[in-house]
Amino acid sequence: MSIKHGLLALLDQGPRYGYQLRAEFESRTGSTWPLNVGQVYTTLGRLDRDGLVTPDGEDGEGHVFYRITDAGRRELHTWFDEPVSRAGRPRDELAIKLAMAVTVPGVDVAAVVQSQRTHTLRALQDYTRLKVRAAEDDLAWQLVLESLVFQAEAEVRWLDHCEARIARRDLVAPQAAPLPDTAAPGDERDVADGGRPSRRRGLRGGRR
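Everything quoted here is computed from the prediction, not taken from an experiment.

Enquirer: Describe in detail the overall build of the protein, supporting the description with residues and values.
Expert: Check the secondary structure of the protein and you find seven helices and two strands. Helices (α) and strands (β) of the protein occur, in sequence order from the N terminus, as α-α-α-β-β-α-α-α-α. Of all 208 residues assigned to the protein, the portion counted as buried reaches 26%. Taking all contacts inside the protein whose residues are at least 6 apart in sequence as the whole, residues at least 24 apart take part in 47%. Of the roughly 14900 Å² of accessible surface on the protein, a fraction of 53% belongs to carbon and sulfur atoms.

Enquirer: Tell me about helix 3 (residues 37–49), and name the residues and values.
Expert: In this model, helix 3 (13 residues) spans 18 Å end to end at C-alpha, consistent with the 18 Å of a helix rising 1.5 Å per residue. Along helix 3, the positions that sit buried rather than exposed are Val37, Val40, Thr43, Leu44 and Leu47. In an axial view of helix 3, the angular spread of the buried residues amounts to 125°, which keeps them on one side of the axis. On its buried side, helix 3 packs onto helix 1 (3–11), helix 2 (18–28), strand 1 (53–58) and strand 2 (64–68).

Enquirer: Quick rundown of the pattern of salt bridges? Include the residues and the values.
Expert: One pass over the structure, following the stated rule, counts 11 salt bridges. Between Glu75 and Lys4 there is a salt bridge whose closest N-O contact spans 3.7 Å. Note that Glu75 is positioned in helix 4 (residues 70–81) and Lys4 in helix 1, a separation of 71 residues in sequence. Of the residues examined, Glu75 reaches a relative accessible area of 26% and is grouped as partly exposed. Classification of Lys4 by relative accessible area gives partly exposed; the value is 31%. In this structure, Asp70 and Arg73 form a salt bridge, with 3.7 Å as the shortest nitrogen-oxygen distance. In this pair, Asp70 and Arg73 both sit in helix 4, three residues apart, roughly one turn of the helix. On the accessibility criterion, Asp70 (55% relative accessible area) is exposed. Taking relative accessible area as the criterion, Arg73 reaches 28% and is therefore assigned partly exposed. Through salt bridges with shared partners, a single ionic network connects Asp12, Asp70 and Arg73.

Enquirer: Quick one: what's the story with the layout of surface pockets, residue by residue and with numbers?
Expert: Reported here for the second largest pocket is a volume of approximately 150 Å³. As for the second largest pocket, its lining consists of Leu98, Ala99, Val102, Val109, His161, Cys162, Arg165, Ile166 and Arg169. Listing elements by their share of the lining of the second largest pocket, those giving two or more residues are helix 5 (93–101) and helix 7 (139–171). Per-element tally for the lining of the second largest pocket: the top contributor is helix 7, with five residues. Each residue belonging to the lining of the second largest pocket can be placed in one class, and the counts come to six nonpolar, one polar and two charged.

Enquirer: Describe the packing of aromatic side chains, and please don't skip the residues or the numbers.
Expert: Following the criterion strictly, the structure yields three aromatic pairs and no others. Relative to Phe65, the ring of Tyr17 has its centre 5.2 Å away and its plane inclined at 85°; by these criteria the two rings are edge-to-face. Linking Tyr17 in the loop between helix 1 and helix 2 with Phe65 in strand 2, this pair joins segments that are 48 residues apart in sequence. Residue Tyr17 is classed as buried on the basis of its relative accessible area, which comes to 15%. With a centroid separation of 5.2 Å and 40° between ring planes, the pair formed by Trp79 and Phe80 is classed as tilted.

Reading the values: rules and limits
Residues numbered from 1 in each chain as written. Predicted model: local features only at pLDDT ≥ 70, side-chain atom pairs only at ≥ 80, totals over all residues. Heavy atoms only, no water. Helix = DSSP H or I, 4+ residues; strand = E, 2+ residues; numbered from the N terminus. Buried < 20%, exposed > 50% of the residue type's maximum accessible area, 1.4 Å probe, protein only. Contact = heavy atoms within 4.5 Å. Areas by Shrake-Rupley, 256 points an atom, 1.4 Å probe, with all protein chains shown as cover. Expected span 1.5 Å × (residues − 1). Arc of directions from axis to C-beta. Salt bridge = Lys/Arg side-chain N within 4 Å of Asp/Glu carboxyl O. 1 Å grid on protein atoms, 1.4 Å probe; cavity = no way out; pocket = protein on both sides within 12 Å on 5 of 7 lines; lining within 4 Å. Points joined across faces, edges and corners; volume = space filled by probe spheres on them. Nonpolar A, V, L, I, M, F, W, Y, C, P; charged D, E, K, R; others polar. Phe/Tyr/Trp six-rings, centres within 6.5 Å; stacked < 30°, edge-to-face > 60°.

Written as structure tokens, this is what we have:
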């Protein structure tokens with residue numbers, strides 16, 4: 001989630017100060033991405049530095065209001081117009097965890113998958129209950145919840161796929177390599193002769 005663009009979207013509706021921005025940000029996303037006020041003011045400082053917002057006075061309690069600039073509004077519209085790049089998203093910790101698990105000796109990968117599936121299914125149930133209770137007119141919160149539901153469902157399907165791949169790998173165990181033949185070429189040994197080199201070696205027709 002881009003905190004910078006989220007704050008610009010809120011400021012596009014009018015000047016606000018830090019605590020107001022934090023409260024509205026969390027309200028519109030259902031506290032899915034909680035912010036602390038330090039993050040908000042640090043981001044506002046960067047936005048001010050880059051000319052995207054500017055201070056707009058104080059109230060009687062000393063709260064500094066910020067308003068969006070024309071440059072900030074252009075930045076916001078560009079964000080809305082362009083798709084979110086998948087290449088720029090944070091690394092998927094679960095994918096990295098399983099990639100490491102299948103390569104580290106002694107790790108019960110099936111147990112790792114099962115533990116994650118249980119956790120994800122529990123989260124999916126929580127999201128579904130929240131969606132049922134969400135107000136019909138709170139479209140922003142419903143969209144966030146639906147995104148979380150779809151992500152959890154996709155994760156469960158991927159975990160099922162991983163489990164099947166791991167099971168197939170375990171069934172196809174590598175075949176033991178044959179032991180190398182250390183006998184010299186043609187040095188056949190006669191079992192009936194106590195394992196001593198056969199006198200037939202090199203004779204035609206097998207006669208002595």
